[in-house]
Amino acid sequence: MNLTGLIFLLFAHYFAGRGVIRLFRIDVDAIALLCLSMMCGVTIHSFVPCIMDLIHVPLTASNMYIWLGGTSLLLSIPLLIKIKETKLPTLRLPQLYEVPFLLIFIGLGVISVWRCWYFPPTPRDVLTGVELIAEYAVKEKTMINSAFSVDVRLNSAANNIFKSPFITSLQVIYKLLVLPFGQLWLSILFLSFTTWFYTILRQVVHPLLAGMLLLIYFAVPDLYAYTYIILYDYSNMVFFFAGYYFMMKYMSSGKVNELLWVSFLFGLATYIRSETLVLAAFSIAIFAIYMYRDKVSIKQIVIRGGIFMAGPLVFNFILSNILIKYLVPYKFKLGDLLNPNMTDIGLLFDKFHELVFGLMFSPKGQAVYAHFYIFFLVVFVADLILNRKISRSAGMTLWGVLIVFITLGVLSFLIPSHTVINSAKRGLFKLIPLATLYMAQTGLLQKLSGYLQNRENRVKEAATAQPAANTKQPKKKK
Amino acid sequence: MHFKINLTLIALLAIFLFFNIPFYNNWLNTNIFNQQISYFTVKDQLSIEQRRVARYGYSYVIYKELNNVFKKFKIDSPVLLLPPERYMKENRVAGFNVVEPMVYYYLTGNIAVWYDSPGVEKANCVLMPDRNGKVALQKIDTKQQLDTLLSIFKKYKLDL
């Protein structure tokens, strides 16, 4: 493994991502800033090999260093301009009761990174598509290479050569600069996202409850497996969640820069998996309903909705009409993949039935998601019974969960190759962080969190009051 | 401080109870603590080729070995005809996975075809089951030989 290459990439991702975040003027705490910078940096850099290939620059290690360094420098201009405004972060040490959970998370993180480093890429979907292209791109210095000369099974169920070059590019970068199997970019995404997600949960509930919720989230077997097996769904989940989370933040702030940021994040999610365009379109309904309830004018709703959808549409255009069009020497025909029997609505209900009883609540589903949905349903029902009302933030998150569920059912109906047992199975990952966040936002956990926080504050106040009283006593004697 | 210690004990208890739920206990023991893929088991097998063998298994070793067999048979530009997986299973070949032409190219750098692939007429060797339930490479010397093989294979659906 080339450690120099890895260190270079870590800095390059950070500065590129940090520059982009500064460009959008997003105000987040130090840990979130670091994590989001890494996440964005990794994804933005995946465009670099594509651009190099489109303008016929050979994909060699030295060219990659130059281009990635140059891109990072260019993207960090917004950061460099206001370098004087940069403050050193104030980091807080974890509380004693967070340590047991943190040790578990660090252990699971180390195991995931080890497996990601040790094993070569495995999924059939990447070996018959993006990984094959990346392997020969490194050997032949171009992404249009001999991988396309074998029987690529055009218009078969998977159509893997037409998938986003997101993985191909990152594999090319990491194979050239770090190690022959690439893959470590996934560990960066995983560690950054999980850390950021934990900070979000800690803001919403008491750290003890945040630790418990993150443990339930971590212990979803397939979700954990895809932190070291390269495929699109984990990365897609990361950016879909980020987009949805900042959309909820925008709903309360109403700042234009945050809306642009949301649009950008949904755009990145669409670039990774083009089906996200459908999810973004469904999400816009929630966006519009909440704005209407906040008495925003129809004209403003349309304008803001347009900005919201601009990112996914632009990135989808770049993906379909530039990257796939010019980097894959075959024509993609979506029409061949669509369900020829769209009028059969019964089939749509069959898909939803299969999604719920054939997957989520089936023995197969248990192996994939463990008891996650049971935890979620227990909290949901208990909250409905005991609390009887859903807060605005919890409501919005719950809508997100519903959107993912509905969209996946509809996609399985529209595109038969989007099978419930494979595609929807991994697509449901997008639901998991949202459902975890919802559990944190429920009145039930909020009350428990408030109780723990109050007790802790009272103990703290008593501890600070006692020494003060002790120091006063000798004065009285005088 | 007492309250924080109490909360720490609650955290430890929660983790203990969580991993005592049968499914999570099983996941922890069979997946997370899987000895076969732990660092301590494979620390002496860290070369790229050893890691490939560890992941892709017996089939990968066979496919890589084919390169030596091609040299032995003096096949300069091998185009391997891959049998359908179901055909191999019917002939009791155990522990061997027939990969797709794309995966074969990824693993070995050589061309392979299926019975319905474009360019199947260029196939000059084939993987066939032998009497011991193992796989063996056979040369295809004539068009008649190829046609016979194709007519056998076409009876089986390809698993994609």
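Residues numbered from 1 in each chain as written. Chains lettered and ligands numbered in written order. Predicted model: local features only at pLDDT ≥ 70, side-chain atom pairs only at ≥ 80, totals over all residues. Heavy atoms only, no water.

Novice: Which parts of the structure should I look at to understand the domain arrangement of chain B?
Specialist: Interface size is commonly expressed as the accessible surface area that is lost when the partners come together. Under the domain assignment, chain B is made up of domain 1 (2-33) and domain 2 (58-153). A C-alpha centroid distance of 50 Å is found between domain 1 of chain B and domain 2 of chain B. (Domains from an automatic or database assignment.)

Novice: Honestly, a nonpolar patch on the surface in this entry has me stumped. Any pointers?
Specialist: There is a patch of nonpolar side chains on the surface, built from Leu-96, Val-99 and Leu-103 of chain A together with Met-1, Ile-5, Leu-9 and Leu-12 of chain B and spanning about 650 Å² of accessible area. Where the nonpolar patch is concerned, the elements lending two or more residues are α6 (99-118) of chain A together with α1 (2-18) of chain B. In terms of residue count, α1 of chain B provides more of the nonpolar patch than any other element does, three residues in total. Here Leu-103 of chain A is to be found in helix α6. (Patch = residues over 30% accessible without salt bridge, like charges linked within 9 Å, V, L, I, M, F, W, Y side chains within 5 Å. Areas by Shrake-Rupley, 256 points an atom, 1.4 Å probe, with all protein chains shown as cover. Salt bridge = Lys/Arg side-chain N within 4 Å of Asp/Glu carboxyl O. Helix = DSSP H or I, 4+ residues; strand = E, 2+ residues; numbered from the N terminus.)

Novice: Would you explain the interface of chain A and chain B in this entry?
Specialist: Tallying the contact residues gives 57 residues for chain A and 46 residues for chain B. Taken together, the two surfaces of chain A and chain B that pack against each other cover about 4,800 Å², and 73% of this comes from carbon and sulfur. Contact with chain B buries area across many residues of chain A, yet Tyr-118, Phe-119 and Arg-153 of chain A alone supply 14% of it, more than any other trio. On the surface where chain A and chain B come into contact, there are one salt bridge. The salt bridge involving Glu-100 of chain B is made with Arg-124 of chain A; its shortest N-O contact spans 2.5 Å. Between chain A and chain B we count 16 residue pairs in polar contact (both at pLDDT 80 or more) in total. Looking at the side of chain A that touches chain B, the element that brings in the most residues is α6 of chain A, giving nine residues. (Contact = heavy atoms within 4.5 Å. Buried area = accessible area lost by both parts, 1.4 Å probe. Polar contact = N/O pair within 3.5 Å; in protein donor to acceptor, adjacent residues only side chain to side chain.)

Novice: Just checking my understanding: could you explain the sheet that holds strand β4 (residues 135-139) of chain B for this structure?
Specialist: One key point about sheets: their strands pair by backbone hydrogen bonds, in either a parallel or an antiparallel sense. Residues and elements named next belong to chain B. Read across the sheet, four strands follow the order β2-β1-β3-β4 without closing on themselves; strand pairing throughout is mixed. Two strands in the sheet have a free side with no partner beyond their single neighbour: β2 (111-113) and β4. Between one strand axis and the next, the sheet turns through 30° on average, direction left out of account. Strand direction decides the pairing type here: strand β1 (residues 79-81) and strand β3 (residues 125-129), joined by two bridges, are parallel. Bridging from a neighbouring strand, Leu-80 pairs with Cys-125 of β3. Relative to the sheet, helix α6 (residues 101-108) contacts β1 and β2, its axis offset from that of β2 by approximately 160°. (Pairing = 2+ DSSP bridges. Axes fitted to C-alpha atoms, helices over the stretch in contact; angles between N-to-C directions.)

Novice: What am I meant to see in the environment of Asn-160 of chain A here?
Specialist: All names here are of chain A. When you line up the elements, Asn-160 lands in the loop between α8 (130-140) and α9 (165-177). Between the C-alpha atom of Asn-160 and that of Thr-128, which follows or precedes it by 32 residues, the distance is 6.3 Å. Leave out the neighbours within four places in its chain, and Asn-160 touches Arg-124, Asp-125, Thr-128, Gly-129 and Val-130.

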